[in-house]
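What follows is each chain in one-letter form.
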Amino acid sequence: MQNYNKYWICHLTKISKIEILSSLEGFDFFVNLRMEDKVKKTDSGIPIQKVYTKADLPNELDGELLPGAFPYTRGVQADMYRGKLWTMRQYAGFSTAEESNKRYHFLLSQGVMGLSVAFDLPTQIGYDPDHSLSDGEVGKVGVSICSLADMEILFKDIPLDKISTSMTINSTGFILLALYVALAKKRGIDIKQLAGTIQNDILKEYAARGTYIYPPKHSMRIITDIFEWCGNHLPKWNSISISGYHIREAGSTAVQEIAFTLSNGKAYVKAAQEKGLDINVFGKRLSFFFNAHNNLFEEVAKFRAARKMWANIMKELGATDEKALMLRFHTQTGGATLTAQQPLNNISRVTIQTLAAVLGGTQSLHTNGFDEALGLPTQEAASIALRTQQIVAFESGVADTVDPLAGSYFVEQLTSQIEDEAMKLIKQIDDMGGSVTAIENGFMQNKIADSAYAYQKNIESKQKIIVGVNEFKSESTTNIPILRIDEKIRQEQIEKLQKIKSTRDNEKVAACLLAIKNAATGTNNLMPVVIEAVENLCTLGEISDTLRLVYGEFQA
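Right, let's walk through the structure included here. This structure is a prediction, so every number in the text was calculated from the model and none was measured. Note on numbering: residues in each chain are counted from 1, in written sequence order. Where local features are concerned, this predicted model is filtered to residues with pLDDT of at least 70; where side-chain atom pairs are given and counted, the filter is 80 or more; whole-chain, interface and lining totals use all residues. Calculated side-chain values reflect all of the structure's heavy atoms, with hydrogen atoms and water omitted.

Below, the discussion takes up the sheet that holds strand β8 (residues 195-198). Paired strands, in this sense, are two strands between which DSSP finds at least two bridges. Per the convention used, a helix needs a DSSP run of H or I reaching at least four residues, while a strand needs a run of E reaching at least two, with both numbered from the N terminus. Pairing is parallel in the open sheet, where 9 strands are placed in the order β9-β8-β7-β6-β5-β13-β12-β11-β10. Edge strands, defined here as strands with exactly one partner in the open sheet, are β9 (237-238) and β10 (240-243). Bridge count between strand β5 (residues 87-92) and strand β6 (residues 114-118): 4 bridges; the pairing is parallel. The residue of β6 that forms the bridge with A92 is V117.

See the structure below:
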């Protein structure tokens, strides 16, 4: 054999490892050319083998494990979608209550099974439209709500006792819940029939999103007050949706998403137990909110692992009721995965993510519009997003059997690996003293930032291909209609607010706000006085400001 230069052997044959044995008697070389595939990894960095076999199945895997049985890896119901499909929600809210109400009626007419309300930034952080910090933000990323009058318009002709309503609201979640309850009471509806969820997850705001108001200690007090009040008055209401969605949107990996989310969940459970609440009661009304990204099998394995992990966590914390052990979750397709380049490609991305959520056993699902990298979804984009769910539900066959990927050598091993990696992170957080301490120390924030940076570097180096962004680019442009919010919205909302303030009983308003202040400085549950306040037309900003005076504002 000729004495080829080792570099050129590597270059011409694309060999990553060469073993060359030379004979001392001559110049003959025995070349053992070992072709090694480029290492594949999930987006969380978990190595993927070329082939999986029975030998790769986790040792603890019980072949007899069935859906609906502890630890619920295969699903929280024995029959899953054969009994009832997941709830199809479409997250919507923009401009005024009038405009959002029109979109809700359209979505309900198209087959949506539950509403999911988006609020604008001022509403999320406790400012009325007339506040200086509301300038430029009213109605932009959701609907503007500051009073019971707005809430009446938002849900006009929508039967609150016949649908479920999810509200993505955190710092001011207790106020929006109070408004919803006050509206039901005003209509003569038995509030025990109200079904839905408030997100109410403040810890992920400190870690990933930023729409917090009060310091963690006081925010946790508000949350446990909500747990207690809902447990006594709203038996069908989920008092929190512990959210990994925004953690993922901020740049976390799939492993970090469930590790940080479940760790936050532990913190809420412990806070409720310290308040004297029964884990078997409030535990049944906890729900979760996860993201669905494009790595299909990693996402499916993530959902399966999260169920198993939460069941074991709750068992360790003292839960015995099987419903308190179950992780029930809503999924939204990944907003951060949508691209402004070639936006129609996003329909395919959302389809993959929809499959991941359904194959992973979600209880409800929102699918993003293809145009959401450009602006709020148009009615056409929202329709296509809903149709995507319906096609998967009724045409794909994936809902015909429970946990169809169970027993897959790859999926079972990946489920186990994700669980192991996530539990390592949870142990680190536990060793620090729990989620609140980990957030105060910046641990979660730094981990998320590091992951986001690494992901972006992989895109820029083309180790991660994003179709239409760093590969398969096109010079042609697509004329996609963009939903734009009129700047006059803020002035219209201010005028409504001024009218309310000029016609309400302002002495009663002052008394209600004083009652809130007294409850906040004492130990009485805040919810009854807040409900009374919104019934007397106290505004969201006034209630938030009252608590700002008592609790102060959190500075990161």
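What follows concerns unusual backbone geometry. Each neighbour pair has its own omega, and for F70 with P71 the value is 5°, a cis peptide bond. Here D157, not a glycine, exhibits a phi torsion of approximately 60°, which is positive. Mapped onto the elements of the fold, D157 is located in the loop between α4 (148-154) and β7 (164-168). We classify D157 as exposed; its relative accessible area is 61%. Despite not being glycine, L537 shows a phi value in the positive range, around 70°. You can see L537 is positioned in the loop between α20 (527-535) and α21 (540-551). For every residue, the accessible area obtained with a 1.4 Å probe (protein chains only) is divided by the maximum for its type, and the residue is called buried under 20%, exposed over 50%, and partly exposed between those limits. For L537, a relative accessible area of 24% translates into the label partly exposed.

Moving on to the packing of aromatic side chains. Note on ring pairs: Phe, Tyr and Trp rings are taken, using the six-membered ring of Trp, and paired if centres are within 6.5 Å. Classes follow the plane angle, with under 30 degrees stacked, over 60 edge-to-face and the rest tilted. Scanning the model with the defined rule gives 19 aromatic pairs in all. With a centroid separation of 6.3 Å and an interplanar angle of 45°, the aromatic rings of F290 and F303 are classed as tilted. Residue F290 is found in strand β11 (residues 286-292), and its partner F303 is found in helix α11 (residues 296-316); the two are separated by 13 residues along the sequence. A relative accessible area of 0% means that F290 is categorised as buried. One aromatic cluster in this structure is built from F288, F290, F303, W310 and F329. A ring is considered to have a charge above it if a Lys NZ or an Arg CZ atom is located within 6 Å of its centre and within 35 degrees of its normal. Across the ring face of F70, the terminal group of K315 is positioned such that the distance to the ring centre comes to 4.8 Å.

With 5 of 5 residues buried, β6 lies mostly within the body of the structure. Burial along β6 is two-sided: the face carrying G114, S116 and A118 and the face carrying L115 and V117 are both buried. As defined by bridge partners, β6 adjoins β7 across 5 bridges and the pair is classed as parallel. Note on β7: the bridge partner recorded for V117 is M167.

As for its position among the elements, T354 is in helix α13 (residues 345-359). Setting aside anything within four residues of it in sequence, one finds T354 in contact with T333, L365, T367, T388, Q389 and V392. Residue contacts are defined here by distance: any two heavy atoms, one from each residue, within 4.5 Å place the two residues in contact.

Our focus in this paragraph is the packing of helix α9 (residues 254-274) against helix α15 (residues 409-432). Between α9 and α15, whose axes approach to 9 Å, the crossing angle comes to 45°. Classed by the angle they form, the pair α9 and α15 counts as oblique. For the pair α9 and α15, the sense of crossing is right-handed. Contact with α9, carried on its side by V255, Q256, I258, A259, F260, L262, S263 and K266, involves I418, E421, A422, L425, I426, I429 and D430 of α15 and no other residues of that element. All axes are obtained by fitting lines to C-alpha atoms, using only the stretch in contact for helices, and the reported angles, taken between N-to-C directions, cover 0 to 180 degrees. Working definition: roughly parallel below 35 degrees, roughly antiparallel above 145 degrees, roughly perpendicular at 65 to 115 degrees, and oblique for all remaining angles. In this scheme the handedness of a crossing depends on how the near helix is turned from the far one: anticlockwise by less than a right angle means left-handed, clockwise means right-handed.

Here the focus is the environment of M444. Within the secondary structure layout, M444 lies in helix α17 (residues 443-460). Exposure remark for M444: the relative accessible area of 0% places this residue in the buried category. Excluding residues within four positions of it along the chain, M444 makes contact with A207, F260, S263, N264, I429, S435, A438 and I439.

Bringing the pattern of salt bridges into the picture now. For salt bridges, the criterion is a side-chain nitrogen of Lys or Arg within 4 Å of an Asp or Glu carboxyl oxygen. With the rule as written, the count across this model stands at 30 salt bridges. Note that E99 is salt-bridged to K102, the shortest N-O span being 3.4 Å. Taken as a pair, E99 and K102 lie in helix α2 (residues 97-109) at a separation of 3 residues, close to a single helical turn. Assessed through its relative accessible area of 32%, E99 is described here as partly exposed. Accessibility expressed as a relative area gives 54% for K102, which makes it exposed. As a salt-bridge pair, E542 and R504 come within 2.7 Å of each other at their nearest N and O atoms. You can see E542 sitting in helix α21 and its partner R504 sitting in the loop between α18 (489-503) and α19 (506-521), a full 38 residues away along the chain. The exposure class of E542 is buried, given its relative accessible area of 16%. The buried category is assigned to R504, whose relative accessible area is 11%. When salt bridges that share partners are traced, they join R74, R304, D403 and E412 into one network.

As a further point, take the pairing of β8. Burial of β8 is two-sided: the residues A195 and T197 facing one way and the residues G196 and I198 facing the other way are all buried. The pairing of β7 with β8 spans 4 bridges and is parallel. The partner of S164 across the bridge, within β8, is A195. Crossover handedness is defined here as right-handed if the route from the first strand over the helix to the second strand goes clockwise, with the strands pointing away from the viewer. A crossover links β7 with its parallel partner β8, the connecting element being helix α5 (residues 173-186), and its sense is right-handed. Relative to β9, β8 runs parallel, the two sharing 2 bridges. Counterpart to G196 in the pairing with β9 is W237.

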